[in-house]
Amino acid sequence: MHVIGSALFVVWMYGLMAVLGVLFAPTLLGPREWTRAAFRVYLALVFAGLRVLCGVRYQVKGREFLPEGGALVASKHQSMFETLALWAILPDPAIILKKELSYLPFFGWYAMKLKNIKVDRAAGAKALRAMLKQARERAGEGRQVVIFPQGTRLAPGEHESYKPGVAGLYSAMGAPCIPVALNSGLYWPPRGFVRRPGTIIVEFLPAIEPGLAKDAFMAELETRIETASNALLASAREG
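This text gives an overview of the structure that appears in the document. (Residues numbered from 1 in each chain as written. Predicted model: local features only at pLDDT ≥ 70, side-chain atom pairs only at ≥ 80, totals over all residues. Heavy atoms only, no water.)

Assigned secondary structure in the protein consists of 7 helices and 7 strands. In sequence order, the secondary structure elements of the protein are arranged as α-α-β-β-α-β-α-β-α-β-α-β-β-α. Taken along its principal axes, the extent of the C-alpha atoms in the protein is 50 × 50 × 35 Å. Taking all 239 residues of the protein together, 49% fall into the buried category. If the 28 positive side-chain charges of the protein are averaged to one point and the 18 negative ones to another, these points end up 8 Å apart. (Helix = DSSP H or I, 4+ residues; strand = E, 2+ residues; numbered from the N terminus. Buried < 20%, exposed > 50% of the residue type's maximum accessible area, 1.4 Å probe, protein only. Lys, Arg positive; Asp, Glu negative; His and termini not counted. Charge placed at Lys NZ, Arg CZ, Asp CG, Glu CD.)

Following this line, the structure appears as structure tokens:
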């Protein structure tokens, strides 16, 4: 049953991307706000399909910690879910994406129009400087720069060291960093396409104020995200 619903959802999600990508293409020629509105329609339909076809809902905790202006948002990364959901939850995010994603039909067009931040991982220090420059610009525009500090999707319980790029952003932006814990991988896994019914929890944690030294910041960020994410996993499994 989960396989059938998941297969239908994949068709729904990517079919919508193609159909609405064409239908809303004129917004790419107008102000960014037009494209934002179009993208939110797509997200609303995707999550409606996720709920109906797969029985997966999501709940946001810690809304009082949601940033209203420029901030760095550092999130746990367990599935494609949060790449989409943070666009629906945050006021005006700019997500750091691999350069390759900007070349994808439809997704790439809209991602760049929405002024997300693309990173060429093969360019080394040059890529880092470009990322920091764009991040400062987005924060100066009052937007939330979103990064997944482990750099890749990980299944629940898997661990990967936090990459130093997040510390570079924190230092360069001079803005608060809001950690995000979640348990999305229990219901939308990082690999494979079978979604399992349940409620994904996205939990915003208290801000780490600017000014910490690199090592202190990295230790604080990892401790907060990992502790809260492990607690969400334990709670879901007990339930």
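So that's the structure; there's more coming.
Core analysis: the biggest nonpolar cluster contains 45 residues, and Met13, Tyr42, Leu50, Phe81, Leu84, Trp188 and Phe204 have the highest contact counts within it. Considering each element in turn, this core owes the most residues, 8 residues, to helix H2 (residues 32-54). Excluding its chain neighbours within four sequence positions, the residues that come into contact with tryptophan 188 are Phe9, Met13, Leu50, Gln78, Ser79, Met80, Phe81, Leu84 and Arg195. (Core = buried A, V, L, I, M, F, W, Y, C linked by side-chain atoms within 4.5 Å. Contact = heavy atoms within 4.5 Å.)

So, about the packing of helix H5 (residues 125-140) against helix H6 (residues 165-173). Axis separation between H5 and H6 bottoms out at 9 Å; the angle between their running directions is 45 degrees. It follows from the interaxial angle that H5 and H6 lie oblique. The two elements H5 and H6 meet at a crossing, and its hand is right-handed. Contacts between H5 and H6 pair Met131, Leu132, Ala135, Arg136 and Ala139 from the former with Gly165, Gly168, Leu169, Ala172 and Met173 from the latter. Of the residues in the contact of H5 with H6, the class split is 7 nonpolar, 2 polar and 1 charged. (Axes fitted to C-alpha atoms, helices over the stretch in contact; angles between N-to-C directions. Parallel < 35°, antiparallel > 145°, perpendicular 65-115°, else oblique. Left-handed = near helix turned anticlockwise from the far one by under 90°. Nonpolar A, V, L, I, M, F, W, Y, C, P; charged D, E, K, R; others polar.)

Once that is clear, we can look at unusual backbone geometry. For phenylalanine 106, which is not a glycine, the phi torsion comes out positive at approximately 65 degrees. Looking at the element boundaries, phenylalanine 106 is found in the loop between strand E3 (93-98) and helix H4 (107-113). Positive phi, close to 60 degrees, is recorded for lysine 115, a residue that is not glycine. Structurally, lysine 115 can be placed in the loop between H4 and strand E4 (117-119).

Should their charged atoms come close, side chains of opposite charge can pair. According to the stated counting rule, one finds 10 salt bridges in the structure shown. Across the pair lysine 115 and glutamate 141 runs a salt bridge whose closest N-O atoms are separated by 3.1 Å. One end of the pair, lysine 115, is in the loop between H4 and E4; the other, glutamate 141, is in the loop between H5 and strand E5 (144-147), and 26 residues separate them in sequence. A residue is classified by how much of its surface remains accessible, and lysine 115, at 31% relative accessible area, is partly exposed. Residues glutamate 137 and arginine 138 are paired through a salt bridge, measuring 3.6 Å at the closest nitrogen-oxygen approach. Here the residues in one salt-bridge network are Arg32, Arg36, Asp92 and Arg143, joined through shared partners. (Salt bridge = Lys/Arg side-chain N within 4 Å of Asp/Glu carboxyl O.)

What follows concerns the packing of aromatic side chains. The description of an aromatic ring pair uses the distance of the two centres, along with the angle that the planes make with each other. Enumeration over the complete set of coordinates arrives at 9 aromatic pairs. Between phenylalanine 9 and tryptophan 188, the ring centres sit 5.5 Å apart and the planes meet at 85 degrees, which makes this aromatic pair edge-to-face. Note that phenylalanine 9 is positioned in helix H1 (residues 2-23) and tryptophan 188 in the loop between strand E6 (177-182) and strand E7 (198-204), a separation of 179 residues in sequence. Neither phenylalanine 9 nor tryptophan 188 differs from the other in exposure class; each is buried. Between tyrosine 170 and phenylalanine 217, the ring centres sit 3.9 Å apart and the planes meet at 5 degrees, which makes this aromatic pair stacked. In this pair, tyrosine 170 is assigned in helix H6 and phenylalanine 217 in helix H7 (residues 214-238), connecting sequence segments 47 residues apart. (Phe/Tyr/Trp six-rings, centres within 6.5 Å; stacked < 30°, edge-to-face > 60°.)

With 5 of its 6 residues buried, E3 lies for the most part within the structure. Relative to E5, E3 is paired through 3 bridges, and the arrangement is parallel. Looking at the pairing, alanine 94 lines up with valine 145 of E5. Relative to E4, E3 runs parallel, the two sharing 3 bridges. Bridge pairing in E4 links leucine 97 to lysine 118. Note on the crossover from E3 through H4 to E4: the handedness is right-handed. (Pairing = 2+ DSSP bridges. Right-handed = clockwise from strand over helix to strand, strands pointing away.)

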